[in-house]
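Here is what each chain is made of, one letter per residue.
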Amino acid sequence: VMVTGASGYIAGWIVKDLLEAGHTVHATVRNPDKAKSVDHLKRLAESAPGTLKLFKADLLDADSFDAPMQGCDILMHTASPFVLDGFTDAHEALVRPAVEGTRNVLNAANRCDTLKRVVLTSSVASVYGDATDMKGKSAFTEADWNSTSSVNHNPYQYSKVAAEREAWKIHDAQGGDAASRWDLVTINPSLVVGPGINPNATSESFDILRQFGDGTAKPGVPDVGIGVVDVREVAEAHLRAAYLPEANGRYILSGHDTDFPEMAAVLRRRFGKKYPIPKRTLPKAAVWLFGPLVNKTLSRKFVSRNVNHPWRADNSRSREQLGIQYRSLEESLNEFFQQLVDSGQFKK
Ligand code: NAP
């Protein structure tokens, strides 16, 4: 099994599950010599029945995926930049690596005779852009596609929908006989939380949760509706999508329809005495006025379309076809926050 972006937060659990199931994992990372990216994977491999082989590959290096794909029958493509700010050129930082990277990886898949199935880590960001996209619907489903994001508005979301569309295009364009084609299954998670295998992972998930406890959000949080899912269920879904013959199409992975005030309330119950978990819900008008000054991702357009709007997703395909059972929001958030505490990320 080949796993791209193996150093990542979600990929850590995927690699763990694969090694524990006895698979040989061809793990690609940008820098196999960087201890912080790979040491936790090497440790996992020491005690698991499977075998880990590390390869160097970069999304923007078209030829770097051929060698790791040799002999693999499954490809799990998780690598994609997950950053929400700190860049000046969203196309170069997000869209180009996501889309060109998907193209490079899947062109290599077309050159690989042994490959049978590709599992792509997409996102609910590929299903919707803003909460208002829900319009008259009762919930987002796999039939929905994000058509409201662009390189200027929600560029991360745009990178994900553009990459997933590219993947389906390349999948659909395969020639040859049925036996030589690979099928594509996508996993579309909402905000992923829960303890990481590597507590030093750089995923935006860590930054989002850290802000609930480091004082950044002490004045309050806006009522932004989102979905939340545990990283362990996301990893499990990747394995089911790879090995259940009948798995097909897109799967929304989202355990809970929630919002920032509810997440804060959950964390306050366990951690509120020691850490400055937000207590207030900020009025929309104040977020609209001041949000853009304190947080680049809180543009006025984002605030108008996402604050005080409910968010719901239908997760029935993941439960019924992949057999995913979602753990409670409390368990995921508390264990994740506790990991940040244990790894010294907050000052008391
Ligand atoms: P992460 O820890 O930041 O993982 C992203 C991975 O992508 C890293 O391993 C990174 O490798 C790799 N990557 C980035 N740019 C690359 C490039 N140019 N070439 C090669 N590799 C590159 O984030 P994550 O949360 O696990 O995200 C993994 C996937 O899940 C992404 O596709 C993300 O869009 C998707 N997703 C995440 C969430 C969430 O809430 N976390 C929700 C839905 C979907 P380096 O270590 O070399 O930087």
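Residues numbered from 1 in each chain as written. Predicted model: local features only at pLDDT ≥ 70, side-chain atom pairs only at ≥ 80, totals over all residues. Heavy atoms only, no water.

Colleague: So what about the overall build of the protein chain? Which residues, and what values?
Modeller: Tallying secondary structure elements over the protein chain gives twelve helices and ten strands in all. Relative to the 2.2 N^0.38 estimate, which gives 20 Å for 348 residues, the radius of gyration of the protein chain is 20 Å and therefore close to what a compact globule would have. With the C-alpha coordinates of the protein chain rotated into their principal frame, the extents come out at 55 × 45 × 40 Å. Taken over 348 residues, the protein chain has a buried fraction of 55%. Sequence separation of at least 24 residues holds for 79% of the intrachain contacts in the protein chain that already meet a minimum separation of 6. (Helix = DSSP H or I, 4+ residues; strand = E, 2+ residues; numbered from the N terminus. Rg over C-alpha atoms; globule rule 2.2 N^0.38 Å. Buried < 20%, exposed > 50% of the residue type's maximum accessible area, 1.4 Å probe, protein only. Contact = heavy atoms within 4.5 Å.)

Colleague: Give a detailed account of the environment of Val294, specifying residues and quantitative values.
Modeller: Turning to its location among the elements, Val294 is positioned in helix α9 (residues 284–294). Once the C-alpha coordinates of Val294 and Thr216 are considered, the two residues, 78 residues apart in sequence, prove to be 9.9 Å apart.

Colleague: Go over empty space enclosed by the protein, please, and point to the residues and values.
Modeller: A complete count under the given rule lists one cavity of 30 Å³ or more for this structure. Looking at the largest cavity, its volume works out to about 50 Å³. Forming the boundary of the largest cavity are His77, Thr78, Ala79, Ser80, Ala98, Thr102, Leu120, Thr121, Ser122, Lys160, Ala163 and Glu164. Of all the secondary structure elements, the ones that give two or more residues to the lining of the largest cavity are α4 (90–110), β5 (117–121) and α5 (155–172). (1 Å grid on protein atoms, 1.4 Å probe; cavity = no way out; pocket = protein on both sides within 12 Å on 5 of 7 lines; lining within 4 Å. Points joined across faces, edges and corners; volume = space filled by probe spheres on them.)

Colleague: I'd love a proper account of the site of the ligand, names of residues and values included.
Modeller: Near the ligand you find 26 residues, and of these Ser7, Arg30, Tyr156, Lys160 and Ser203 are the closest. Between the ligand and Val192 there is a distance of 2.8 Å, counted from an oxygen atom to a backbone nitrogen or oxygen. Starting from 880 Å² of accessible surface for the ligand in isolation, the protein chains cover 91%. For the shell around the ligand, the elements supplying multiple residues, two or more each, are α1 (9–20), α5 and β7 (191–193). In terms of residue class, the shell around the ligand is made up of eleven nonpolar, twelve polar and three charged. (Near = heavy atom within 4 Å. Polar contact = N/O pair within 3.5 Å; in protein donor to acceptor, adjacent residues only side chain to side chain. Areas by Shrake-Rupley, 256 points an atom, 1.4 Å probe, with all protein chains shown as cover. Nonpolar A, V, L, I, M, F, W, Y, C, P; charged D, E, K, R; others polar.)

Colleague: Explain the pairing of strand β3 (residues 51–56) to me, using residue names and the numbers behind them.
Modeller: The sheet contact formed by strand β2 (residues 24–29) and β3 spans six bridges and is parallel. Note that in β3 the partner of His26 across the bridge is Lys53. Running through helix α2 (residues 35–47), the crossover from β2 to the neighbouring parallel element β3 is right-handed. (Pairing = 2+ DSSP bridges. Right-handed = clockwise from strand over helix to strand, strands pointing away.)

Colleague: How would you explain the pattern of salt bridges if you had to name every residue and give the values?
Modeller: If you walk through the whole model with that rule in mind, you get 18 salt bridges. Of the charged contacts, one joins Glu100 and Arg96 as a salt bridge, the two residues approaching to 3.2 Å between their closest N and O atoms. You can see Glu100 and its partner Arg96 sitting in helix α4, four residues apart, about one turn around the helix. Exposure remark for Glu100: the relative accessible area of 23% places this residue in the partly exposed category. Given a relative accessible area of 27%, Arg96 falls into the partly exposed group. With a closest N to O distance of 2.8 Å, Arg232 and Asp230 form a salt bridge. For the pair Arg232 and Asp230, a shared accessibility class is recorded, and that class is buried. (Salt bridge = Lys/Arg side-chain N within 4 Å of Asp/Glu carboxyl O.)

Colleague: Explain α5 to me, and be specific about the residues and the numbers.
Modeller: When the terminal C-alpha atoms of α5 are compared, their 26 Å separation across 18 residues agrees well with the 26 Å that a helix rising 1.5 Å per residue should span. With 14 of 18 residues buried, α5 lies mostly within the body of the structure. (Expected span 1.5 Å × (residues − 1).)

Colleague: Break down the packing of α1 against helix α7 (residues 231–243) for me, with residues and values.
Modeller: Put simply, α1 and α7 touch, their axes get as near as 8 Å, and they point 55° apart. Classed by the angle they form, the pair α1 and α7 counts as oblique. Read as a crossing pair, α1 and α7 show a hand that is right-handed. Along the contact surface, α1 presents Tyr9, Ile10, Trp13, Ile14, Asp17 and Leu18, while α7 presents Val231, Arg232, Val234, Ala235, Glu236, His238, Leu239 and Tyr243. (Axes fitted to C-alpha atoms, helices over the stretch in contact; angles between N-to-C directions. Parallel < 35°, antiparallel > 145°, perpendicular 65-115°, else oblique. Left-handed = near helix turned anticlockwise from the far one by under 90°.)

Colleague: Let's hear about the sheet that holds β7: which residues, and what values?
Modeller: The strands making up a sheet are joined through hydrogen bonds of the backbone, oriented either antiparallel or parallel. Strands sit in the order β7-β8-β10 across an open sheet of three strands; the sheet is mixed. Each edge of the sheet is formed by a strand with only one pairing partner; in this case those strands are β7 and β10 (256–259). Averaged over all neighbouring strand pairs, the angle between strand axes comes to 45°, with direction disregarded. Note: β7 against strand β8 (residues 225–230), three bridges, orientation parallel. Directly across from Val193, in β8, lies its bridge partner Asp230. Against the sheet, α7 contacts β7 and β8, and its axis sits at roughly 70° relative to β8. Here helix α8 (residues 260–271) sits on the sheet and contacts β7, β8 and β10; the angle it forms with β10, its principal contact strand, is near 95°.

Colleague: Can you lay out the packing of aromatic side chains for me, pointing to particular residues and giving the numbers?
Modeller: Enumeration according to the criterion identifies twelve aromatic pairs in this entry. Relative to Phe206, the ring of Tyr9 lies with its centre 4.9 Å away and its plane at 70°, an arrangement referred to as edge-to-face. With Tyr9 in helix α1 and Phe206 in helix α6 (residues 204–210), this residue pair connects regions lying 197 residues apart in the sequence. Here Phe206 falls in the buried class, since its relative accessible area comes to 0%. Seen in terms of ring centroids, Phe140 and Trp311 are 6.1 Å apart; in terms of plane orientation they differ by 45°. Their pairing is tilted. Taken as a pair, Phe140 in the loop between β5 and α5 and Trp311 in the loop between α10 (300–306) and α11 (316–321) lie far apart in primary sequence, 171 residues in all. An aromatic cluster is present here, built from Phe271, Tyr275, Phe337 and Phe346 joined pairwise through their rings. It is Arg250 that lies over the ring of Trp145; its NZ or CZ is 3.6 Å from the centre. Over the face of the ring belonging to Tyr251 we find Arg317, whose NZ or CZ atom lies 4.2 Å from the ring centre. (Phe/Tyr/Trp six-rings, centres within 6.5 Å; stacked < 30°, edge-to-face > 60°. Lys NZ or Arg CZ within 6 Å of the ring centre and 35° of its normal.)

None of the figures reported here should be taken as evidence of function without further support.
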